[in-house]
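# Examination of the molecular architecture
So the chains spell out like this:
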Amino acid sequence: MTKNAIEIHKLTKKFGNFTAVDNLSLNVKEGEIFGFLGPNGAGKSTTIRVLCTLAQPTSGYAKIAGFDLVKESDRVRENIGLVAEKMIMYDRLTAAENLRFFGKLYDIPKQKLEGRIDELLELVDMQKWKDTQISKFSTGMKQRINVIRALLPEPKILFMDEPTLGLDPQTTFSIRDIIRDINKSGVTVILTTHAMSEAEALSDRVAIIDHGKIAALDTPENLKKLVSSSDNTVFGIKITNLTSELIEKIDALDCVTTLAQQDHHNLKISANGTNAMDRIIDTIRQEGGSIASITNSTESTLEDVFLAVTGKQMRDEASEKASPAHHGHGNAPKARVR
Amino acid sequence: MDVTKILKDSYHVMAKDLLELKRNRMSLAALFLMPLLFLVMFGFIFPTGTTQQHMPMGLVNLDQGQGSNEFIAQLEVMNKNTSFMDFQSYSSVDDAKTAINKGRIYGVFIIPPGFSENITNGKSADFTVYIDNSNPQSAMQIQQVLSTTVSGMNNMKAEANVVQLGSETNQPVNPQTMIFPYIPNVQTTIPGETNYFNFLAPGLMIMIVMMSVMTGIPEAISKEKEMGTFDGMLSAPISQLSVIIGKTAALCTRGFIQCIIILAIAIFLFGVTIQGNILLAFFMLLLGIFSFIGIGIMAISMSGDQASGTMIVNLLMFPMMFLGGIFYPIQQMPWFMQAISQVIPLTYAADAMRKIMLLNAGIGDVMTQILILVAFGVVTMTIAVPLFRKSMTR
Ligand SMILES: Nc1ncnc2c1ncn2[C@@H]1O[C@H](COP(=O)(O)OP(=O)(O)OP(=O)(O)O)[C@@H](O)[C@H]1O
Ligand SMILES: [Mg+2]
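Small disclaimer: the values here were computed from a predicted structure and weren't measured.

So, how was this worked out
- Residues numbered from 1 in each chain as written.
- Chains lettered and ligands numbered in written order.
- Predicted model: local features only at pLDDT ≥ 70, side-chain atom pairs only at ≥ 80, totals over all residues.
- Heavy atoms only, no water.
- Helix = DSSP H or I, 4+ residues; strand = E, 2+ residues; numbered from the N terminus.
- Buried < 20%, exposed > 50% of the residue type's maximum accessible area, 1.4 Å probe, protein only.
- Contact = heavy atoms within 4.5 Å.
- 1 Å grid on protein atoms, 1.4 Å probe; cavity = no way out; pocket = protein on both sides within 12 Å on 5 of 7 lines; lining within 4 Å.
- Points joined across faces, edges and corners; volume = space filled by probe spheres on them.
- Nonpolar A, V, L, I, M, F, W, Y, C, P; charged D, E, K, R; others polar.
- Buried area = accessible area lost by both parts, 1.4 Å probe.
- Salt bridge = Lys/Arg side-chain N within 4 Å of Asp/Glu carboxyl O.
- Polar contact = N/O pair within 3.5 Å; in protein donor to acceptor, adjacent residues only side chain to side chain.
- Pairing = 2+ DSSP bridges.
- Axes fitted to C-alpha atoms, helices over the stretch in contact; angles between N-to-C directions.
- Phe/Tyr/Trp six-rings, centres within 6.5 Å; stacked < 30°, edge-to-face > 60°.
- Lys NZ or Arg CZ within 6 Å of the ring centre and 35° of its normal.
- Donors = N, O, S within 2.8 Å, 3.2 Å for Na, K, Ca; no water.
- Core = buried A, V, L, I, M, F, W, Y, C linked by side-chain atoms within 4.5 Å.
- pLDDT = per-residue confidence, 0-100.
- Near = heavy atom within 4 Å.
- Areas by Shrake-Rupley, 256 points an atom, 1.4 Å probe, with all protein chains shown as cover.

## Section: the overall build of chain A
- Helix and strand content of chain A: 11 helices and 14 strands.
- The proportion of buried residues among the 338 residues of chain A is 53%.
- Within chain A, contacts between residues separated by at least 24 positions form 70% of all contacts whose residues are at least 6 apart in sequence.

## Overview of the layout of surface pockets
Residue and element names in this part refer to chain B.
- In this structure, the second largest pocket occupies an estimated 600 Å³ of space.
- Lining the second largest pocket are 24 residues, and of these Leu-21, Ser-27, Glu-219, Leu-251 and Arg-254 sit closest to its centre.
- Top element by residues in the lining of the second largest pocket is helix α8 (residues 196-227). It accounts for eight residues.
- Of the residues in the lining of the second largest pocket, the class split is 10 nonpolar, six polar and eight charged.

## Things to note about the interface of chain A and chain B
- Between chain A and chain B, the residue contacts involve 31 residues of the former and 28 residues of the latter.
- It is Tyr-90, Arg-92 and Leu-105 of chain A in chain A that bury the most area against chain B; as a group they hold 25% of the surface buried on that side.
- Applying the counting criterion to the chain A and chain B interface returns three salt bridges.
- On the surface where chain A and chain B come into contact, there are eight residue pairs in polar contact (both at pLDDT 80 or more).
- Looking at the side of chain A that touches chain B, the element that brings in the most residues is helix α3 (residues 95-105) of chain A, giving five residues.
- Broken down by class, the residue content of the side of chain A that touches chain B amounts to 15 nonpolar, four polar and 12 charged.

## Topic: the sheet that holds strand β6 (residues 80-83) of chain A
Residues and elements named next belong to chain A.
- The six strands lie next to each other as β6-β7-β8-β3-β9-β10, forming an open sheet whose pairing is mixed. Sheet topology places β6 and β10 (213-218) at the edges, where each strand pairs with a single neighbour. The mean angle between the axes of side-by-side strands here comes to 15 degrees, regardless of whether they run parallel or antiparallel.
- Inspection of the sheet shows β6 paired to strand β7 (residues 157-161) by four bridges, in the parallel sense. Note that in β7 the partner of Val-83 across the bridge is Met-160.
- Here helix α1 (residues 44-51) sits on the sheet and contacts β3 (33-37), β6, β7, β8 (188-192) and β9 (205-210); the angle it forms with β7, its principal contact strand, is near 150 degrees.
- Most of the contacts of helix α6 (residues 169-184) go to β8, to which it runs at about 150 degrees, and overall it touches β3, β7 and β8.

## Notes on the sheet that holds strand β13 (residues 266-272) of chain A
Residue and element names in this part refer to chain A.
- Here we have four strands laid out as an open sheet, ordered β12-β13-β11-β14, and antiparallel in their pairing. What marks the edges here is a single partner per strand, and that holds for β12 (256-261) and β14 (291-296). For this sheet, the mean angle separating the axes of adjacent strands, direction not counted, is 20 degrees.
- Both strand β11 (residues 232-239) and β14 contribute to a ladder of five bridges, which runs antiparallel.

## Observations regarding the packing of aromatic side chains
- Under the counting rule described, the total for this entry stands at 13 aromatic pairs over all chains.
- An angle of 65 degrees between the planes, with centres 5.5 Å apart, marks the rings of Phe-71 of chain B and Phe-115 of chain B as edge-to-face. Note that Phe-71 of chain B is positioned in helix α3 (residues 66-82) and Phe-115 of chain B in helix α5 (residues 115-120), a separation of 44 residues in sequence. The residues Phe-71 of chain B and Phe-115 of chain B share a single accessibility class, namely buried.
- On the numbers, 6.4 Å between centres and 20 degrees between planes, the contact of Phe-318 of chain B with Phe-322 of chain B is stacked. Of this pair, Phe-318 of chain B and Phe-322 of chain B both sit in helix α12 (residues 306-323), four residues apart, roughly one helical turn.
- Overall, the relative accessible area of 44% leaves Phe-318 of chain B in the partly exposed class.
- Phe-322 of chain B gets classed as partly exposed once you look at its relative accessible area, which sits at 39%.
- Positioned over the ring face of Phe-102 of chain A is Arg-149 of chain A, at 4.9 Å from the centre of the ring.

## Some thoughts on the coordination of the magnesium ion (ligand 2)
- On the protein side, the magnesium ion (ligand 2) has Ser-45 of chain A (OG) and Glu-85 of chain A (OE) as donor atoms, found 1.9 to 2.2 Å from it. Note that Ser-45 of chain A is positioned in helix α1 and Glu-85 of chain A in the loop between β6 and α3, a separation of 40 residues in sequence.

## Focus: the nonpolar core
- Ile-145 and Phe-159 of chain A together with Met-233 of chain B are the most contacted members of the largest nonpolar core, which has 149 residues in total.
- Among the elements that take part in this core, α8 of chain B stands out by supplying 17 residues, more than any other.
- Once residues lying within four places of it in the same chain are set aside, the contact partners of Ile-145 of chain A are Met-89, Ala-95, Leu-99, Leu-121, Met-126, Ile-134 and Phe-137 of chain A.

## Brief notes about the side chain of Ser-203 of chain A
Residues and elements named next belong to chain A.
- Following the sequence through the fold, Ser-203 ends up in the loop between α7 (196-202) and β9.
- A distance of 2.8 Å separates a polar atom in the side chain of Ser-203 from the backbone oxygen of Ala-199.
- Ignoring any residue separated from it by four or fewer positions in sequence, one finds Ser-203 in contact with Ile-33, Phe-34, Gly-35, Leu-191, Glu-198 and Pro-220.

## Some thoughts on the confidence of the model for chain A
- Scored by pLDDT, chain A has a mean of 85; 88% of the residues are at 70 or more.
- With pLDDT under 50 throughout, residues 317-338 of chain A is counted as low confidence; its partners more than four residues away or in other chains account for 46 contacts.

## Observations regarding the pattern of salt bridges
All names here are of chain A.
- Considering all chains together, one arrives at 23 salt bridges over all chains under this definition.
- Of the charged contacts in the structure, one is a salt bridge between Arg-279 and Asp-254, with a shortest N-O distance of 3.2 Å. Of this pair, Arg-279 sits in helix α10 (residues 276-286) while Asp-254 sits in the loop between α9 (244-252) and β12, and the two are 25 residues apart along the sequence.
- For Arg-279, a relative accessible area of 33% corresponds to the partly exposed category.

## Observations concerning the site of ligand 1
Residues and elements named next belong to chain A.
- Not every one of the 15 residues close to ligand 1 is listed here, only the nearest: Gly-41, Ser-45, Thr-46, Glu-85 and His-194.
- Contact between ligand 1 and Gly-43: an oxygen atom at 2.9 Å from a main-chain N or O atom of the residue.
- One nitrogen or oxygen atom from the side chain of Ser-45 is found 2.6 Å from an oxygen atom belonging to ligand 1.
- Look at ligand 1: alone it shows 630 Å² of surface, and the protein chains cover 65% of it.
- Going through the elements one at a time, β2 (18-29) and α1 are the ones with two or more residues in the shell around ligand 1.
- It is α1 that provides the largest number of residues to the shell around ligand 1, a total of three residues.
- The class makeup of the residues in the shell around ligand 1 is five nonpolar, six polar and four charged.

Written as structure tokens, this is what we have:
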């Protein structure tokens, strides 16, 4: 029987009247990579902050590595590592000085600490930059140091809040490799991301949360089945004279569950009902759209699941710039702080 | 969590903060320039104890008799040694008043008609001194100079009269003991000459440390909070107390460096002499910091972000600066200001510092102040630390 690394029971976090995390209950098994997906403002970061003892839960309780989140917060902190939304690093210190400072807070003996620092720098291929100030680093270099900083105390559980945000594909892949490697060595990983492919590629299980509640929780495969089964059809359609009015018309059809514009001509539509395809094509013809091709998606992606369970509305529209897609993909590029 | 771990972590936090400071050239420059600016500013703005010389004064002689000419001659002789005043004659009172209004002279001596006649008739010879008191500072100085000059002249006149009376009655007299039977022998606590800096320097030292720590705490904490680095410390197994102690210790180190600068400038540039025990003085500084650090922590705990934290601190600091008896003696303030100054820790810290540095007071002499400061510190810290903890995990 596998033990649970994290047990969350009816966890609630309120900011004044606003409920950011709403009665959340879930377990994460030891050795799992657990993905948190959800629109902006869904409460992913807040959940992670509460689980890292950085914010007091309003009600409910959680056990991290077997320790009570509130009553044994010191023991909890000894067992976790955190890669937060903002990078945890001092710009004016060198990579080694940063790592040394945080290492000392974990009471790692001096010699062991130095060895560990070299080892981790090697892991992310940053030995050359050991004695360079962080302010001279690129985002990718910073994030590599930021990730190994969390690994210094050899945590049992690693929390990663959007670890690949703003990184180029090379660094993204190397970070993903590191996540897989440390997971193989027995570390439980809790991961939030807006990159669906990342969640799909890494996670053993995924929870999609919305408005602080779990909207869906399962393995990526099962989640995808959830959408593609029943009478749901997903297909791509190419319209040579695509206009935004036309998109709105299609979107207004009640059989359309999600619609995403992929470029100037291509739409990806997922629809419900037996004659859904016919109705959509009819509508396009009526509006004078000329269809160049229709491609049937054999399999739905996690993105379809995401849009299906969280709806089409964009969250906190004021603070996030919309992606070019007609509906917010959620993975609109946003600048990493620092 | 045990005490050694808390202290060890505090040390790591302090060392980290100081390393960051060392790498920040701007902060380093400000660290050195602030005390320098303060001292030089106050050094030139405030009166330094020496009286202004060559104050322009008018003379209007409406008498033109022998007595008045003698009087003026004597006045000029008296003034020659000190050169406090420069005289300028005017033919009428109106002319002189116009000159005052134009700011050419600070005041005017008006000798009325009949002045000489009064002297020869044995009456008192009155004259008027008209002073421009729109500038209270120089008005006060003129009055001082005037009273010493006139009493010197009266003295000379009296001596001559007494000697004359004595020779008339054939009695040997000592005019000095006749005119001034009482002679005070003034001794001061601080040997030698003192100036305003003696009063200012100890208070300024404690004030700069206070400013350093009080504005530094909200800044240091909210900066890390906003940067996100705080999450790194707080998700590590360390006590929040270590963060407070470490940051305070780093700020204290900064404050101490500034104190040494102040002390050096005060001694070498402004001739302040230190009588007391420097070690005790630095202990007092530390105690002063302990007494007001709680207020800084409260400010940041209640405000949340750097801007409002700094604002609250500034709001609190200004009355403290002026009512703490750093620049003006508290005894010279109106009663309600005095009452307020009694609840400001800086008052006691500055008072104790002055006693230690200037009067060579021992620890027993400033025990009252020490106890009050400790009480201040304990009370504010017991409120501040839980507030801080709560604000950290909001
Ligand atoms: N300290 C705070 N005070 C008040 N409201 C907060 C605070 N922190 C977060 N919130 C609110 O709680 C909600 C959840 O925020 P959270 O950062 O957890 O979302 P998220 O799922 O991580 O979103 P994103 O994908 O944009 O990172 C948001 O509406 C946010 O405005
Ligand atoms: Mg987030």
